[in-house]
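Report on the structure
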Amino acid sequence: MAKDSTKHLTSKLLPKKNLEQFLDALLKQYDVIAPVEQNGFSRYQKITRGTECCLKYRLPRNSIKEFFLPQDETLFFFEPGAASLSDAPSAKREPIIFPVRPCDVRALTILDAVFDDEQFSDSYYVEKRRRMRLIGMACLEPDDTCFCETFDINSTDGTGCDLFLTEVEDSYIIDVLTTKGKTLIKTLADAPQELIQKKKQQVAARRKSQSLKLAEVQNFLKQCFESELWEEMAAKCLSCGACAFLCPTCHCFDITDDVAGKIGRRLRSWDCCMFPKFTLHASGHNPRTKHAQRLRQRIMHKFSYFPENKSLIACVGCGRCVVACPVNLDIREILSTLASSTHPASP
Amino acid sequence: MELENQIEHELRERAQQLLAENVVDLIIGYGRGTLPNRVTPVFIRKPQDANMLVWNNHCQLNLVSYLQRMQSSSKIGIVVKGCDARSLVGLIKEKQISRDRLHIIGIVCDGILDTRATGEPPIPYASCQHCEVNVPPLYDILIGSPDEIKPKKPSELDAELAAFEALSPAERWKALEQEFSRCIRCYACRNACPLCYCEECFVDQTQPKWISEGTHPSDIMIYHLVRALHSAGRCGECGACERACPMGIKLRLLTQKVSRDVAELFQDKPGIDLERPPALHTFSTDDDNSTFL
Ligand code: SF4
Ligand code: SF4
Ligand code: SF4
Ligand code: SF4
Ligand code: SF4
């Protein structure tokens, strides 16, 4: 995929009070996806007016992955029994997501490694990725559940975004990072030097998120497939899909045919390794019947298999799963348990 | 000592005793969570671990949903609130767990705080504000004193549910569609519910396939409507399903509405009386037939 490479072009100024106006202007030409207030949290969805955008919460409950890998995606339509296929209609207006945090941007590079590597390129994903514009926002102050620092994510770095906002006093300094981004801020004034200096100081003084020790975890994972720890840790897991479905990097999917009358559609939908059905074979055999086996898969995939295959850890420390897990099975705790474990290695 | 701390203190003492005297070999209770307003389930097997148990107004899970997994324990102690005990009574009546295997540690509960509400001071969950079972209907030991509980308003209906009931059927449908449009089909609601214990849920069946994958509104609605029907006359109104939902969906619009309908049609409140058969498991010629098509 020809990505617009990130390079700092210029810095613009957006007073906070003009934010709604800025979004309204974008809405004239683009589909804008932004966090919208729900009952005590926000959720990324398409907005129709700038006032709908809610920045009260750092991270929306859902991740941005659904705009690249939708939970419900028609790959094509068909007529049962006939030999004709037709494409699903594609969206007309180009989309923008505002704002995207650096952890979620990193998560996209993980999805890229799956859906757009040298060997396989998934046209559905690639097309959405190509059309999307990302307006990032720096985190000067993490949430209690953030642990992006663990993965060397600099929460004030806009790499991968078209525009990148940093809050300075009553304004945002907008770093223009791509030519695609440049077209979005035509009417904004340049940021004054003084504020740019201030931004630099703030960035240097940012409060970093929690950093967990990963080296020990990864060492341990290589030898702990049969460890009793999995049973212990998974004892409370409900095997639901909350963690994986909200996770910005989890990307397992199912493909099914959905026929209603004379129209069929081939559907790609999210799947999740925590569901017992995920590994159910047609023979009736299921290699992962236990909660512990499924939790192990989720952790192993993120911290062992994926890094081995793609040289990337498939977690970005956004903490969504920490917040959403109904039984408070905290991935940070799993990682520290694994890191401090002295359980004997399996044969 | 505050009431909560007193309960916690007594809970730990009793739990330690139960384990030390081999009355139970496992206690399922609440332990300290990793976030300020959360607790997490703990499974305690040694008397010296009893001090891991906590009790506070964030004990929002219904631990009864873990019972069926615990096949290897011969006698289980379980910490229950009043509403949790209702589902436990249901499970015993449905022969999912034998009463003899249980040592029920009932706690007098004054309501669990709504972690989703952002206002100050924190308010209890809607289902708790109108709770009528502060004292569990079934227990072996009871911790806490019913006299210390502030009187609730059981007769009054929770405002959101009342507003929902006041709608016309068409408007109700719209309201449900709107509410469930956020559903991501993670099934946390089903998995958190002690009464959703089917080995294979209808949504997971592939032959026949009742609903499609993906998030088509009709599939989402079928899931929720069928679940509501499957729990009709059984649901103990614990609210665990609603609290498990990561998308903040008000599941009680369905579950509690159906419970109210059952109460009205069959004069039954599920999970209170161990002897009385569940309303939808029996037939009487006097039953209200007005809902038959
Ligand atoms: S995990 Fe890091 S980048 Fe993500 S929201 Fe938290 S502080 Fe920001
Ligand atoms: S595993 Fe949890 S913390 Fe890591 S990226 Fe996924 S949701 Fe975020
Ligand atoms: S870890 Fe939590 S969110 Fe994930 S499957 Fe288990 S109970 Fe559900
Ligand atoms: S349906 Fe919901 S409220 Fe009713 S018993 Fe199940 S978890 Fe509790
Ligand atoms: S927990 Fe919420 S999002 Fe998940 S399936 Fe139930 S209603 Fe849907």
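As the structure is a prediction and not an experimental result, all values here were calculated from the model. (Residues numbered from 1 in each chain as written. Chains lettered and ligands numbered in written order. Predicted model: local features only at pLDDT ≥ 70, side-chain atom pairs only at ≥ 80, totals over all residues. Heavy atoms only, no water.)

All names here are of chain A. Taking 1.5 Å of rise per residue, 20 residues should cover 28 Å, and helix 9 (residues 291-310) covers 26 Å from first to last C-alpha, within 8% of that figure. If you look at helix 9, its biggest bend is around 55°, right at H301. Burial runs high along helix 9: 14 of the 20 residues are buried. Positive backbone phi, approximately 55°, marks S311, located one or two places after helix 9. (Helix = DSSP H or I, 4+ residues; strand = E, 2+ residues; numbered from the N terminus. Expected span 1.5 Å × (residues − 1). Bend = angle between axes of the 7 residues up to and from the residue. Buried < 20%, exposed > 50% of the residue type's maximum accessible area, 1.4 Å probe, protein only.)

A few words now on the interface of chain A and chain B. In many reports, interface size means the accessible area that the parts give up when they come together. Tallying the contact residues gives 39 residues for chain A and 35 residues for chain B. Between chain A and chain B, the buried area comes to about 3000 Å², and carbon and sulfur atoms account for 54% of it. The largest share of the area that chain A buries against chain B comes from L238, K277 and N328 of chain A, three residues that together contribute 18% of it. Our enumeration of links across chain A and chain B arrives at one salt bridge. Counting residues per element, the ones that place at least two in the side of chain A that touches chain B are helix 8 (242-246), strand 10 (253-260), strand 11 (263-270), helix 10 (320-324) and helix 11 (331-339) of chain A. In terms of residue class, the side of chain A that touches chain B is made up of 18 nonpolar, 11 polar and 10 charged. (Contact = heavy atoms within 4.5 Å. Buried area = accessible area lost by both parts, 1.4 Å probe. Salt bridge = Lys/Arg side-chain N within 4 Å of Asp/Glu carboxyl O. Nonpolar A, V, L, I, M, F, W, Y, C, P; charged D, E, K, R; others polar.)

Let us now look at the sheet that holds strand 4 (residues 72-78) of chain A. Residue and element names in this part refer to chain A. Taken in spatial order, the four strands line up as 5-4-11-10 in an open sheet, and their pairing is antiparallel. Of all strands in the sheet, those bounded by a partner on one side alone are strand 5 (85-87) and strand 10. For this sheet, the mean inter-axis angle between neighbouring strands, taken without regard to orientation, is 30°. The pairing of strand 4 with strand 5 spans three bridges and is antiparallel. By the bridge assignment for strand 5, F76 is matched with D87. (Pairing = 2+ DSSP bridges. Axes fitted to C-alpha atoms, helices over the stretch in contact; angles between N-to-C directions.)

Another point: the domain arrangement of chain A. All names here are of chain A. What the domain assignment lists for chain A is domain 1 (10-204) and domain 2 (214-340). Computed from C-alpha atoms alone, the centre-to-centre distance between domain 1 and domain 2 is 26 Å. Across the contact, 42 residues belong to domain 1 and 40 residues belong to domain 2. Linking domain 1 to domain 2 there are five salt bridges. Where D117 meets K310, a salt bridge forms, and the shortest distance between an N and an O atom there is 2.9 Å. (Domains from an automatic or database assignment.)

This paragraph deals with the packing of helix 5 (residues 169-180) of chain B against helix 7 (residues 217-230) of chain B. Any two packed helices are characterised by how steeply their axes cross, that is the angle between the axes, and by the distance between the axes. All names here are of chain B. Where helix 5 contacts helix 7, the axes come no closer than 10 Å and their chain directions differ by 105°. When the axis of helix 5 is compared with that of helix 7, the two are roughly perpendicular. Each of W173, L176, E177 and F180 in helix 5 lies in contact with helix 7, whose residues at this interface are I220, M221, H224 and L225. Considered class by class, the residues forming the contact of helix 5 with helix 7 number six nonpolar, one polar and one charged. (Parallel < 35°, antiparallel > 145°, perpendicular 65-115°, else oblique.)

Residue and element names in this part refer to chain A. With respect to topology, seven strands assemble into an open sheet ordered 1-9-8-7-6-2-3, the strand pairing being mixed. The strands lining the two open edges of the sheet, one partner per strand, are strand 1 (10-15) and strand 3 (42-47). When the angles between neighbouring strand axes are averaged without regard to direction, this sheet yields 25°. Here three bridges tie strand 7 (residues 133-137) to strand 8 (residues 163-168), and the two strands are oriented parallel to one another. Residue I135 lies in a different strand from strand 8, and its bridge partner there is L163. Relative to strand 8, helix 5 (residues 193-204) is tilted by about 85°, and along the sheet it contacts strand 1, strand 8 and strand 9 (171-176).

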